[in-house]
Amino acid sequence: MKWVLVTLMVVATVLSDLLQSYEMKRAGEQSVGARGLLRLLAMIAQRKFLILAILCMAVSFFSFMALVQTQPLSFAVPASAASFILETVLAKFVLKEKVGLKRAAGALIVLAGVVLLE
Amino acid sequence: MASPRSLHLRTYSVLLLFIALKAIGNLSLAWGMKHLPEAGANPLSYIRAMLDPFVAFGVISLIVALLTRMVLLSLADLSFVLPVTAVGYVIAAFLGKVVLHEVVTNQRWAGTVLIFIGAALVSSTGEKSK
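Residues numbered from 1 in each chain as written. Chains lettered and ligands numbered in written order. Predicted model: local features only at pLDDT ≥ 70, side-chain atom pairs only at ≥ 80, totals over all residues.

Participant: Sorry if this is basic, but what is going on with the overall build of chain A here?
Facilitator: Each helix and strand counted, chain A has six helices and zero strands in total. For chain A, the succession of helices and strands along the chain, N to C, is α-α-α-α-α-α. Summarising its shape, the C-alpha atoms of chain A cover approximately 45 × 35 × 20 Å along the three principal directions. When burial is assessed residue by residue, chain A has 38% of its 118 residues classed as buried. Long-range contacts, defined here as pairs at least 24 residues apart, represent 76% of the contacts in chain A between residues at least 6 apart. (Helix = DSSP H or I, 4+ residues; strand = E, 2+ residues; numbered from the N terminus. Buried ≥ 20, exposed ≤ 12 C-beta atoms within 10 Å, placed from the backbone. Contact = placed C-beta atoms within 7 Å.)

Shown next as structure tokens:
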């Protein structure tokens with residue numbers, strides 16, 4: 001069950017990041033002033049991918065709450081780093097980003113670490 | 001205008017504050033959740049759980065940590081902030097052992113340290129790809 005929760009948390013986190021990144025790039029540059037924030041809120045309400053991103057964020061946080069309830073903190077927090085692995089794989093194969101040797105090696109080291117948490 | 005030295009001091013103070021808030025937030029959340037009945041798959045149970053003082057304190061600390069991180073990002077580069085804050089994984093394991101009396105095996109310590117190194121490596125590679 002704990003790996004189901006870890007997977008749910010990681011997939012929801014990465015999906016939320018991807019959806020936010022996709023929609024915010026389409027929306028163009030945003031400002032952080034009072035009017036900018038109001039415009040940002042109005043934009044969130046109009047863009048379904050951003051609403052979906054917020055829902056994913058909620059799923060991720062609730063999964064983390066369930067994980068810390070049933071598993072040791074020393075497992076739950078380090079296990080959340082598994083998002084680095086999925087992000088790197090998606091960056092390479094879905095977003096077609098250039099993944100350097102350092103990033104690939106880092107992701108593999110994280111993977112080895114997560115396996116050792118068991 | 002702030003001198004480089006005072007800016008440096010401010011950056012490290014905000015960095016320490018962020019790491020502390022995140023650690024305390026996670027700890028309080030874990031402590032509160034462990035003392036509640038299992039929430040299962042109902043999202044409403046999690047919203048109800050936030051009424052517990054420890055869970056609420058944890059959630060508020062994590063929100064303040066997020067805001068502190070934004071301040072930190074205005075003071076320092078992401079390629080500095082992300083690798084340094086990866087130390088949070090090791091701190092969480094340490095607090096789990098010392099405060100929550102969890103059994104942390106040598107294998108789990110090794111895994112946590114590898115995660116810290118790997119996360120620092122991944123996040124120190126820069127954020128721009130184009």
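Participant: Would you mind going over the overall build of chain B with me for this structure?
Facilitator: A count of helices and strands for chain B gives six helices and zero strands. For chain B, the α and β elements follow one another from N to C terminus as α-α-α-α-α-α. Overall, chain B is about 50 × 35 × 35 Å in size when its C-alpha atoms are taken along their principal axes. When burial is assessed residue by residue, chain B has 29% of its 130 residues classed as buried. Sequence-distant contacts, at least 24 apart, represent 72% of the contacts inside chain B between residues at least 6 apart.

Participant: Is there a simple way to explain the interface of chain A and chain B in this structure?
Facilitator: When the parts come together, some accessible area is lost, and that loss is often what is quoted as the size of the interface. If you look at the interface, chain A gives 28 residues, while chain B gives 34 residues. Those elements that provide at least two residues to the side of chain A that touches chain B are helix H3 (48–70), helix H4 (73–79), helix H5 (83–93) and helix H6 (101–117) of chain A. Considering every element that reaches the side of chain A that touches chain B, the biggest residue donor is H6 of chain A, with twelve residues.

Participant: Explain the nonpolar core here, please?
Facilitator: Note on soluble globular proteins: their nonpolar side chains tend to be buried together. One finds Met65, Val68, Ala81 and Val110 of chain A together with Tyr89 and Ala119 of chain B to be the most contacted residues of the largest nonpolar core, which totals 48 residues. Ranked by the residues each element gives to this core, the list is headed by H3 of chain A, at nine residues. Looking at which domains feed residues into this core, each of domain 1 (1–76) and domain 2 (77–130) of chain B gives three or more. Excluding anything up to four places from it in sequence, Ala119 of chain B contacts Ala81, Phe84, Gly106 and Val110 of chain A together with Ala86 and Tyr89 of chain B. (Core = buried A, V, L, I, M, F, W, Y, C linked by C-beta atoms within 7 Å. Domains from an automatic or database assignment.)

Participant: When you look at the domain arrangement of chain B in this model, what are you seeing that I'm missing?
Facilitator: Residues and elements named next belong to chain B. Under the domain assignment, chain B is made up of domain 1 (1–76) and domain 2 (77–130). At the junction of the two partners, domain 1 supplies eleven residues and domain 2 supplies 13 residues. Of all elements in the fold, only helix H1 (4–34) and helix H3 (53–75) reach the threshold of two or more residues within the side of domain 1 that touches domain 2. Here the element with the most residues in the side of domain 1 that touches domain 2 is H1; it accounts for eight residues.

Participant: Please clarify how the environment of Leu8 of chain A should be interpreted in this entry.
Facilitator: Residue and element names in this part refer to chain A. Along the chain, Leu8 turns up in helix H1 (residues 2–27). Sequence separation between Leu8 and Ser63 is 55 residues; the distance between their C-alpha atoms is 6.7 Å. Here Leu8 is in contact with Val59 and Ser63, once residues within four sequence places are set aside.

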